[in-house]
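Structure assessment
Below, each chain spelled out in residue letters.
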Amino acid sequence: MSETIKLDKSYVAGTYARFPVEIVSGSGSLLKDSTGKTYIDMGSGIAVNTFGIGDAAWKEAVTGQMERVQHTSNLYYTEPCALLARELCQRTGMKRVFFGNSGAEANECLIKAARKYAAEKKGPGFFTIVTLNNSFHGRTLTTLAATGQDHFHKLFQPLTPGFVHAGANDLEGVKKAALENKAAAVLIECVQGEGGVMPLEREFVRGLADFCREQDVLLAVDEVQCGNGRCGAMYAYMNYGVVPDIVSTAKGLGGGLPIGACLLGEKVQDVLGPGDHGSTFGGNPICCAGALSVIRRIDEALLREVREKGDYIVGELTGTPGVLSVDGMGLMLGVKTARPARDVLDTCREMGVLCLTAKDKVRLLPALNIPMELLKTAVDVIKKACAQEVEA
Ligand SMILES: *Cc1c(COP(=O)(O)O)cnc(C)c1O
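Residues numbered from 1 in each chain as written. Predicted model: local features only at pLDDT ≥ 70, side-chain atom pairs only at ≥ 80, totals over all residues. Heavy atoms only, no water.

1. Quick look at the site of the ligand
To keep it simple, the criterion reads: Proximity is defined per residue: if any heavy atom of the residue lies within 4 Å of a molecule or strand, that residue is considered near it. The term polar contact refers here to a pair of N or O atoms within 3.5 Å; inside protein, the definition further demands a hydrogen-donor-capable atom paired with an acceptor-capable atom, and it admits residues adjacent in sequence only when both atoms are side-chain atoms. Here the accessible surface of atoms and residues is derived via Shrake-Rupley with a 1.4 Å probe, and residues count as covered only by protein chains that are part of the display.
In the vicinity of the ligand, the contacting residues are Ser-102, Gly-103, Ala-104, Asn-107, Phe-136, His-137, Gly-138, Glu-189, Asp-222, Val-224, Gln-225 and Lys-251. Within the backbone of Phe-136, one N or O atom sits 3.3 Å away from a nitrogen atom of the ligand. The separation between a nitrogen atom of the ligand and a polar side-chain atom of Asp-222 is 2.8 Å. The fraction of the free accessible surface of the ligand (380 Å²) that becomes covered by protein chains is 82%.

2. Considering the pattern of salt bridges
Between side chains of opposite charge, a pair can form when the charged atoms approach closely. Note the following rule: Salt bridge criterion: a side-chain nitrogen from Lys or Arg within 4 Å of a carboxyl oxygen from Asp or Glu. Under the scheme used here, helices are H or I runs from DSSP no shorter than 4 residues and strands are E runs no shorter than 2 residues, and both carry numbers assigned from the N terminus. When a residue's accessible area, from a 1.4 Å probe over protein chains only, is under 20% of the maximum for its type it is buried; when over 50% it is exposed; and in between it is partly exposed.
In the structure shown here, the tally under the stated rule is 17 salt bridges. Of the charged contacts in the structure, one is a salt bridge between Asp-216 and Lys-267, with a shortest N-O distance of 2.8 Å. In this pair, Asp-216 is assigned in the loop between helix H8 (202–215) and strand E10 (218–222) and Lys-267 in the loop between strand E12 (260–264) and helix H9 (285–297), connecting sequence segments 51 residues apart. For Asp-216, a relative accessible area of 16% translates into the label buried. What makes Lys-267 partly exposed here is its relative accessible area of 33%. Between Glu-300 and Arg-307 there is a salt bridge, with the nearest N and O atoms lying 2.8 Å from each other. Classification of Arg-307 as partly exposed rests on a relative accessible area of 32%. Connected via shared salt-bridge partners are Lys-116, Glu-120 and Asp-276.

3. What to know about the nonpolar core
The criterion, for reference: We define the nonpolar core as a collection of buried residues of types Ala, Val, Leu, Ile, Met, Phe, Trp, Tyr and Cys that are connected through side-chain atoms lying within 4.5 Å of one another. In this analysis, two residues are considered to be in contact whenever any of their non-hydrogen atoms come within 4.5 Å of each other.
Met-42, Leu-88, Ile-188, Leu-208, Ile-313 and Leu-364 are the most contacted members of the largest nonpolar core, which has 91 residues in total. Dropping the residues within four chain positions of it, Leu-364 is found in contact with Met-42, Ile-313, Leu-317, Leu-331, Met-332, Leu-333, Val-335, Cys-355 and Ile-382. Counting 26 residues, the second largest nonpolar core, distinct from the first, contains Phe-136, Phe-163, Ala-185 and Leu-218.

Here it is as structure tokens:
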């Protein structure tokens, strides 16, 4: 066991079940550990390192800004923040952006904006947010309340009130929950990530969008994991042909630096005024400069590449020995395996490929620009690991 691992086990809060690997460096979609072993990275830091490790253009944007000014507070204007906000609005049709530092913080803003909109428009009773069973929206007490998985809730009561959960793809159930609870918003992940990489059904999302428009209930989408090109569209909701009222995103946005964003659509664009919300580090110029370079590179050619690579993985893995199913969209895929997913991950790691899990599935979230040769090698290893007999 490396000295780092010993120190970490002694001194870092035990919130993570880490793999026994100390990463020391990397390049693109390759990672190196403290023993000198190289791995192909099929997780990209949980969909964060959009263009892999140390991408040249991203690094130049980040270090260039670092040499100018690293932080100013939100009392002053900085160019990267303003340019990134414009870029995000132009790419989505949303009207304004609030910047924070994480997915949970983006969702906190989304929830506050939805509540204030409904309170002003409909009255103080309209605060409930309907979310879906099996969803994941973050770890703060409010975003935990939004998360539709009871096992996260048990020991942290009382959570923030005002959240109800309904079945994913159960349109009538969601409508009923929204109407009975005077909902301010319905919040969905178009592709549920932590819940097991489950894309919502097209009819459900489109029906929900119609319902929300008719009832003036806000349609809110959590694009923290599935956004920023990951699913073969700029944001996953675009694959469904719907227009949400509020969007949260984070993870891949910064390409490896902490940044979250809440995109406010037409209805809610002016809901948040001075003093309503804030974040000391939000809109940090270095993070915004990195994110701007990421977002500007997510063009139609890259998105096509993401879809093609996703199709390649699905085609290779579907129906091969030990693989029960492959779900997901673009380069956000969940593989149900005959062997326990953890065992498949152990075998892959021994063979030099790092994957993730989501619930009982093997989850794949490689960098969007992973070279095809590396992807082929990784998929071959995953196939072998899935096919391996369960040890007697
Ligand atoms: C990861 C994730 C979050 C939380 O993001 P943090 O940056 O960890 O706070 C929220 N929603 C979804 C869909 C996520 O995948």
